[in-house]
Amino acid sequence: MGHDGAHQLSTCLLKIKEEIDFIVGFTRLVKELNVPNLPYLQAVVKETLRFHTSTPLIIRECIQDCKIDSYDIKANTRVMISVFAIMQDSNLWEDPNEFIPERFLVNLCEKTVDHVMEMKGQDFRYVPFGSGMRRCPGAALASMVMQITIGRLV
Ligand code: HEM
């Protein structure tokens, strides 16, 4: 990672610390109940899963002949979907090679911060846990553990 990347990360680290100091305080550790009030921390975890997705490919099997764009896919064909490519696609993401947690937040200045794209696999641009019937059942647990762990480490 170049100089800009390192700068981005240190700015991001400062912002997480600032949020935690403000919401949780200097002397206590982040707990599960604090997480809903830590939107920036949540956005950092989301952006991490986009930027360095840990499961770059998901697999499906077509149960009937179908057409995807210009490709004819025969029944029983195994299809590999590059979650990595989707989440790095510059047609879908602005500056996909930059680590920008803010892309998951809107109205940063408002009291209520709305989250853009929940991790429920309903927005096909953002699918770190897959989508549909076989979507990762551990998504909520994994997200909470990552948020608490990072929140405690910084
Ligand atoms: C950062 C952590 C994790 C990531 C990024 C992740 C990602 C994924 C992805 C992409 C899939 C495939 C989904 C699909 O085909 O649509 C999957 C499946 C699965 N994950 Fe996770 N996972 C994580 C943590 C966990 C945890 C903590 C558990 C269990 C406690 C778990 C249990 C499973 C299981 C059982 C499946 C198979 C679901 C099925 O085929 O029906 N995962 N995960």
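See the structure shown above.
Worth saying up front: this structure is predicted, and the values here are computed from it rather than measured.

1. A word on the site of the ligand
- If you check the shell around the ligand, you find 16 residues, and the closest are S54, R60, S131, R134 and C136.
- Note that an oxygen atom of the ligand is positioned 2.6 Å from one of the side-chain N or O atoms of R60.
- Contact between the ligand and S131: an oxygen atom at 3.2 Å from a main-chain N or O atom of the residue.
- Taken together, the elements giving at least two residues each to the shell around the ligand come down to β1 (57-61) and α4 (139-153).
- The dominant element in the shell around the ligand, judged by the number of residues it contributes, is α4, at three residues.

2. What to know about a negative patch on the surface
- Taken together, D4, E94, D95 and E98 make up a surface patch of like negative charges.
- Note on placement: E98 falls in the loop between α3 (83-87) and β5 (105-106).
- Judged by relative accessible area, E98 falls into the partly exposed class, the value being 32%.

3. Quick notes on the packing of aromatic side chains
- Applying the stated criterion across every chain yields a total of four aromatic pairs.
- On the basis of an interplanar angle of 85° and a centroid distance of 5.6 Å, the ring pair of F51 and F99 is categorised as edge-to-face. Here F51 is found in helix α2 (residues 39-51), whereas its partner F99 is found in the loop between α3 and β5, with 48 residues between them in sequence. Like F51, the residue F99 is buried in the burial classification.
- Here the aromatic rings of W93 and F104 are separated by 6.0 Å at their centres, their planes lie at 55°, and the arrangement is tilted. Residue W93 is located in the loop between α3 and β5, and its partner F104 is located in the loop between α3 and β5; the two are separated by eleven residues in the primary sequence.

Calculation notes
- Residues numbered from 1 in each chain as written.
- Predicted model: local features only at pLDDT ≥ 70, side-chain atom pairs only at ≥ 80, totals over all residues.
- Heavy atoms only, no water.
- Near = heavy atom within 4 Å.
- Polar contact = N/O pair within 3.5 Å; in protein donor to acceptor, adjacent residues only side chain to side chain.
- Helix = DSSP H or I, 4+ residues; strand = E, 2+ residues; numbered from the N terminus.
- Patch = residues over 30% accessible without salt bridge, like charges linked within 9 Å, V, L, I, M, F, W, Y side chains within 5 Å.
- Areas by Shrake-Rupley, 256 points an atom, 1.4 Å probe, with all protein chains shown as cover.
- Salt bridge = Lys/Arg side-chain N within 4 Å of Asp/Glu carboxyl O.
- Lys, Arg positive; Asp, Glu negative; His and termini not counted.
- Charge placed at Lys NZ, Arg CZ, Asp CG, Glu CD.
- Buried < 20%, exposed > 50% of the residue type's maximum accessible area, 1.4 Å probe, protein only.
- Phe/Tyr/Trp six-rings, centres within 6.5 Å; stacked < 30°, edge-to-face > 60°.

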